[in-house]
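What follows is the residue order along each chain.
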Amino acid sequence: MASARQSDSTRQRKAARPVRRQQLIESTIAVLARKGYAAVTVADVAKEAGLSAGIVIFHFNSKEELLGAVLEALAAEYRNHWEASMKAAGPSAAARLQAMLLSDFDTEIYTREKLAAWVAFWGEIQGRPFYDQICAGFDAERQAATEALCSQIIAEGHYGLDPQLIMRGLESLGDGLWISLGGGGYKGQVSGTQAKQVMAAALAAFFPKHYVRPA
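My aim in this report is to walk through the structure given alongside it, one point at a time. In this text the structure is predicted, and so the values were computed from the model without any measurement.

A closer look at the overall build of the protein chain
1) Next: Looking only at helices and strands, the protein chain features 9 helices and 0 strands.
2) Next: The order of α-helices and β-strands along the protein chain, N terminus first, is α-α-α-α-α-α-α-α-α.
3) Next: Here the protein chain has roughly 11,500 Å² of accessible surface; of this, 55% comes from carbon and sulfur atoms.

Structural notes on the pattern of salt bridges
1) Next: Tallied over the entire structure, the rule returns 8 salt bridges.
2) Next: Of the charged contacts in the structure, one is a salt bridge between lysine 35 and aspartate 44, with a shortest N-O distance of 3.0 Å.
3) Next: Assessed through its relative accessible area of 40%, lysine 35 is described here as partly exposed.
4) Next: For arginine 142, the salt bridge is made with aspartate 104, and the minimal N-O distance between the two is 2.9 Å. Of this pair, arginine 142 sits in helix α7 (residues 129-157) while aspartate 104 sits in the loop between α5 (93-102) and α6 (112-122); the two residues are 38 residues apart in sequence, bridging distant segments of the chain.
5) Next: Assessed through its relative accessible area of 4%, aspartate 104 is described here as buried.
6) Next: Via salt bridges that share partners, Asp104, Arg142 and Glu171 belong to a single interconnected network.

What to know about the packing of aromatic side chains
1) Next: Using the criterion set out here, one finds 11 aromatic pairs in the structure.
2) Next: Among the aromatic side chains, those forming a connected cluster through ring pairs are Tyr37, Phe121, Phe130 and Tyr131.
3) Next: A cation over a ring is seen here: lysine 209 above tyrosine 159, with NZ or CZ 5.4 Å from the ring centre.

Things to note about the environment of glutamate 141
1) Next: Take glutamate 141: it is sitting in helix α7.
2) Next: Put simply, glutamate 141 and glutamate 83 are 58 residues apart on the chain and 9.9 Å apart in space, counted from C-alpha to C-alpha.
3) Next: Look past the residues within four positions of glutamate 141 in its chain and what remains in contact with it is Arg79, Trp82 and Glu83.

Concerning the side chain of histidine 59
1) Next: The topology assignment puts histidine 59 in helix α3 (residues 53-59).
2) Next: Excluding anything up to four places from it in sequence, histidine 59 contacts Arg17, Arg20, Arg21, Leu24 and Glu65.

A short note on helix α4 (residues 63-88)
1) Next: Spanning 26 residues, α4 covers 38 Å between terminal C-alpha atoms, matching the ideal 38 Å at 1.5 Å per step.
2) Next: Taken from the residues just after α4, glycine 90 is the one with a positive phi, measuring 95°.

Looking at a nonpolar patch on the surface
1) Next: A cluster of nonpolar side chains, namely Val119, Trp122 and Ile179, defines an oily patch on the protein surface of about 260 Å² accessible area.
2) Next: Counting through the fold element by element, isoleucine 179 comes out in helix α8 (residues 163-181).

Considerations on unusual backbone geometry
1) Next: Unusually for a residue other than glycine, histidine 158 sits at a positive phi of about 50°.
2) Next: Its place among the elements puts histidine 158 in the loop between α7 and α8.

Definitions and limits used
Residues numbered from 1 in each chain as written. Predicted model: local features only at pLDDT ≥ 70, side-chain atom pairs only at ≥ 80, totals over all residues. Heavy atoms only, no water. Helix = DSSP H or I, 4+ residues; strand = E, 2+ residues; numbered from the N terminus. Areas by Shrake-Rupley, 256 points an atom, 1.4 Å probe, with all protein chains shown as cover. Salt bridge = Lys/Arg side-chain N within 4 Å of Asp/Glu carboxyl O. Buried < 20%, exposed > 50% of the residue type's maximum accessible area, 1.4 Å probe, protein only. Phe/Tyr/Trp six-rings, centres within 6.5 Å; stacked < 30°, edge-to-face > 60°. Lys NZ or Arg CZ within 6 Å of the ring centre and 35° of its normal. Contact = heavy atoms within 4.5 Å. Expected span 1.5 Å × (residues − 1). Patch = residues over 30% accessible without salt bridge, like charges linked within 9 Å, V, L, I, M, F, W, Y side chains within 5 Å.

Here it is in structure tokens:
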């Protein structure tokens, strides 16, 4: 009986570990959004999570490891979201490309806190190549998927375009719109609905046989 209780307790601890790590990741995102990258401390994260600093270090050996885990979690969430959106759109390359690109502006992906965290990491990539390494694989998957869909649409419509250049243009537009979404009220800021309209207009400009320009 005692052995069974110990086994149950061990399983509960193992199950709780990923839950606690996710709690700390979410708390770090909140602190990043509020204070910025340079001001984040383990104590801040612990306070946000309602835990001790020792618990943070137990799950992540250092602040640097915690921040790396946060970036990886953001990148994985982003990848999983666009992949699911693309697959749900069906077999049409045009529908899949549109679903993938417009999903970037779904509210679960571009909350103000997550945008602020992304911007904080983007500002640190030059001085911390480790962050660039975390994102490299995710970026390569996204670019390959976008280029493959562009290639298929170009072949279908006989557009005579370079799929890699179109991919670069669409991905760069998406990045710029993300920054505009988090603009904090400056005159260039756009809403999620407007961002989707801009992306839809770009698709119609590149591939007029496949997309209708939004009103």
